[in-house]
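What follows is the residue order along each chain.
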Amino acid sequence: MGIRLGCIADDFTGATDLGNNLVRAGMRVVQLIDVPPLGAAGQVDADAVVIALKSRTVPAADAVEASLRALAWLRSAGAEQIYFKYCSTFDSTPAGNIGPVTEALMDALGADFTIATPAFPDNGRTVFKGHLFVGDVLLSESGMRHHPLTPMTDPNLVSVLGAQTTRPVGLIDHVVVAGGVEAIRARIDELREEGFGIAIVDAVSNDDLLTLGAAVQGLRLVTAGSGLAIGLPANWGLTPSRAAEQLPPAGGYRAVVSGSVSDATNHQVQEFLRGGRPAFNVDPVRIAAGEDVAAQALTFAESHLAEGPVLVYSTEAPDTVRAVQGRLGAAEAGELVERTLARVARGLVDRGVRRLVVAGGETSGAVVQALGITELRIGPQIETGVPWCAAALPDGDTLHITLKSGNFGSPDFFTAAFEEAS
Ligand code: ADP
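Here the structure is a predicted model, which means the values were calculated and not measured.

Trainee: Residues and numbers for the overall build of the chain, please.
Mentor: Scanning the chain from N- to C-terminus turns up 14 helices and 18 strands. At 22 Å, the chain has a C-alpha radius of gyration in line with the 22 Å of a compact globule built from 422 residues. Long-range contacts, defined here as pairs at least 24 residues apart, represent 75% of the contacts in the chain between residues at least 6 apart. When the accessible surface of the chain is split by element, carbon and sulfur atoms take 51% of a total near 16500 Å². If the 31 positive side-chain charges of the chain are averaged to one point and the 48 negative ones to another, these points end up 4 Å apart.

Right, dumping it as structure tokens:
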């Protein structure tokens, strides 16, 4: 049987976040890193496939091209509905990429109407009268107004999306959503007749997303943050179950590789060190001086892996990171660290680590690439937005891996993660 839902995510950790919500609502989900060759489509055993692209901030034409390749793959795998997933803060500019990708997917699918909502109430993202709130403030008053690549200065998503599309953008507001599935469907018909191609949809609660999920059954394309995912599996008769989050078992050693320098990760490293657990610090200055820091880290790890989780980290407080960046250059320092941590992750797996926590978005990308991982099965959630995943290693063994983006996770994440049934 083919897959039911085919998802295209515009970045890596966003794809995992979407997969996590689908699993929690009862779907068996596989995440693919980039678009595989077309021939491989028959082989995925899942209700939903999420293809992770890096298309959020590339030129719009490149984002469209990658998204259409993903669409072709998902259709060949049998997807009955397509879900274009973007950030819950609607990260984009007047040049795109949410609008251009949405319209290209609509054209390719022959879809004359779709919806757009970044709402994710569990994460404090709500949409009211077409306006996006982040926590208690409008998007334009949140930190997103200073984002280096996609500054969001207009909270009105009808106008934000309208500036990116040729199709007129309408609104399905909270009164309609509160009216239930039939009211939403009637409003969609009305908007279609009035010549609208896309509608922003209000949602301030999970109940709104569940209603919307039921109402969009039959739309070939939906576009949203990860929130809408909670309302779709029921359209295929799927309900939350332990079976959906089941991963093939993994034994072996445990390790944490952390290249994130966020506040949350700093706290997690501190907490791990406070517990007196084995940890090795990767210092970019020593890498730059020509020391084989990866080999040193692996020698250290080898003598401690039997004791419990070992941490290898480059995580430092912002001042220290700035000083290092001043000496080496930010890009150079980042590159040295990423390359070293990727080698460390590879070496840890070679030494029998089969449960691996990775902290940092860029770091995760480098590690996944070094491990040759192209496919992840999404398993049980550890904390909001962060699930355990399973990957098949070349020797046939299973690796459990979790990819924690910078600001996620509570202070004890580096030990608590291993206590989750993974
Ligand atoms: P986050 O998700 O917290 O942003 P990322 O892994 O995406 O984490 O980004 C962190 C960046 O900082 C990476 O490029 C990493 O290589 C770099 N980095 C990590 N540790 C250091 C350090 N000690 N000095 C300078 N740069 C570092």
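Now that the structure is up, let's keep going.
Trainee: Outline the site of the ligand, supporting the account with residue identities and numerical values.
Mentor: Every one of the 18 residues lining the ligand counts as a neighbour, but S260, S314, E338, E362 and T363 are closest to it. Contacts to the ligand include E362, whose backbone N or O atom sits 2.7 Å from an oxygen atom. Within the backbone of G406, one N or O atom sits 2.9 Å away from an oxygen atom of the ligand. Here the ligand has 570 Å² of accessible area as a free molecule, and 84% of this is covered by the chains. Breaking the shell around the ligand down by element, the ones donating at least two residues are α11 (318-328), α12 (330-350) and α13 (361-370). Of the residues in the shell around the ligand, the class split is 6 nonpolar, 9 polar and 3 charged.

Trainee: Tell me what's going on with the pattern of salt bridges, and back it up with residues and numbers.
Mentor: Inspection of the entire model under this criterion finds 23 salt bridges. One salt bridge connects R339 with E335, and the closest N-O pair in it is separated by 3.8 Å. Of this pair, R339 and E335 both sit in helix α12, 4 residues apart, roughly one helical turn. Of the charged contacts in the structure, one is a salt bridge between D395 and R354, with a shortest N-O distance of 3.8 Å.

Trainee: Residue-level account of the state of the cysteines, with values.
Mentor: Taken as a whole and assessed by the stated rule, the structure comprises 0 disulfides. Residue C87 stays outside any disulfide, its sulfur separated by 16 Å from that of C7, the closest cysteine. Among the residues examined, C87 registers a relative accessible area of 16% and is labelled buried. Considering cysteine sulfurs only, C7 is the nearest to C389, which forms no disulfide, with 14 Å between them.

Trainee: Just give me the short version of the nonpolar core, but keep the residues and values in it.
Mentor: Ranked by internal contacts, the top residues of the largest apolar core, which has 69 residues, are L22, Y83, I115, I172, L356 and I401. If you tally residues by element for this core, the top one is α12, at 7 residues. Here this core spans two domains, and each of domain 1 (5-239) and domain 2 (247-421) adds at least three residues to it. Counting 48 residues, the second-largest nonpolar core is a separate cluster that includes A104, L105, A119 and L209.

Trainee: Can you lay out the side chain of T340 for me, pointing to particular residues and giving the numbers?
Mentor: Along the chain, T340 turns up in helix α12. Here T340 is in contact with V282, I287, V293 and A294, once residues within four sequence places are set aside.

Trainee: Give me the side chain of T402: which residues, what numbers.
Mentor: One can find T402 in strand β18 (residues 398-404). Side-chain polar atoms of T402 contact the backbone oxygen of P387, separated by 3.0 Å. The contact partners of T402, leaving out residues within four places of it in the chain, are L356, V357, V358, I382, V386, P387, W388 and F413.

Trainee: For the sheet that holds strand β6 (residues 125-128), give the residues involved together with the corresponding values.
Mentor: Judged by pairing direction, the sheet is antiparallel, and its 3 strands sit side by side in the order β6-β7-β8 without closing on themselves. On the outer flanks of this sheet lie β6 and β8 (137-138), each paired with one strand and no other. For β6 and strand β7 (residues 131-134), the ladder comprises 4 bridges, and the chain directions are antiparallel. Residue pairing for β7: F128 is matched across the bridge by H131.

Trainee: I'd like a description of the layout of surface pockets, backed by residues and values.
Mentor: Unfilled space is identified by rolling a water-sized probe across the atoms. Taken as a whole, the second largest pocket spans an internal volume of roughly 210 Å³. Every residue lining the second largest pocket is counted, 14 residues in all, and those nearest its centre are E375, R377, A390, A391 and A392. Elements with a contribution of two residues or more to the lining of the second largest pocket: β16 (375-383) and β17 (386-392). Considering only residue class, the lining of the second largest pocket consists of 7 nonpolar, 4 polar and 3 charged.

Trainee: Any details on empty space enclosed by the protein? Residues and values, ideally.
Mentor: Following the criterion strictly, the structure yields 1 cavity of 30 Å³ or more and no others. Estimated volume of the largest cavity: approximately 30 Å³. Every residue lining the largest cavity is listed: D10, S55, R56, F84, D91, N97, I98 and V101. Of the residues assigned to the lining of the largest cavity, the class counts are 3 nonpolar, 2 polar and 3 charged.

Trainee: Mind laying out the domain arrangement of the chain, listing which residues take part and the relevant values?
Mentor: It is common to give the size of an interface as the accessible area that goes away when the parts come together. Splitting the chain by domain gives domain 1 (5-239) and domain 2 (247-421). Here the C-alpha centroids of domain 1 and domain 2 sit 30 Å apart. Every contact between the two is made by 18 residues of domain 1 and, on the other side, 18 residues of domain 2. Taken together, the two surfaces of domain 1 and domain 2 that pack against each other cover about 1500 Å², and 60% of this comes from carbon and sulfur. In this structure, the connection of domain 1 to domain 2 is made through 0 salt bridges. On the surface where domain 1 and domain 2 come into contact, there are 6 residue pairs in polar contact (both at pLDDT 80 or more). Secondary structure elements with two or more residues in the side of domain 1 that touches domain 2: α1 (12-24) and β2 (29-33). The element contributing the most residues to the side of domain 1 that touches domain 2 is α1, with 8 residues. Grouping the amino acids of the side of domain 1 that touches domain 2 by side-chain chemistry returns 7 nonpolar, 6 polar and 5 charged.

Conventions we followed
Residues numbered from 1 in each chain as written. Predicted model: local features only at pLDDT ≥ 70, side-chain atom pairs only at ≥ 80, totals over all residues. Heavy atoms only, no water. Helix = DSSP H or I, 4+ residues; strand = E, 2+ residues; numbered from the N terminus. Rg over C-alpha atoms; globule rule 2.2 N^0.38 Å. Contact = heavy atoms within 4.5 Å. Areas by Shrake-Rupley, 256 points an atom, 1.4 Å probe, with all protein chains shown as cover. Lys, Arg positive; Asp, Glu negative; His and termini not counted. Charge placed at Lys NZ, Arg CZ, Asp CG, Glu CD. Near = heavy atom within 4 Å. Polar contact = N/O pair within 3.5 Å; in protein donor to acceptor, adjacent residues only side chain to side chain. Nonpolar A, V, L, I, M, F, W, Y, C, P; charged D, E, K, R; others polar. Salt bridge = Lys/Arg side-chain N within 4 Å of Asp/Glu carboxyl O. Disulfide = S-S within 2.5 Å. Buried < 20%, exposed > 50% of the residue type's maximum accessible area, 1.4 Å probe, protein only. Core = buried A, V, L, I, M, F, W, Y, C linked by side-chain atoms within 4.5 Å. Domains from an automatic or database assignment. Pairing = 2+ DSSP bridges. 1 Å grid on protein atoms, 1.4 Å probe; cavity = no way out; pocket = protein on both sides within 12 Å on 5 of 7 lines; lining within 4 Å. Points joined across faces, edges and corners; volume = space filled by probe spheres on them. Buried area = accessible area lost by both parts, 1.4 Å probe.

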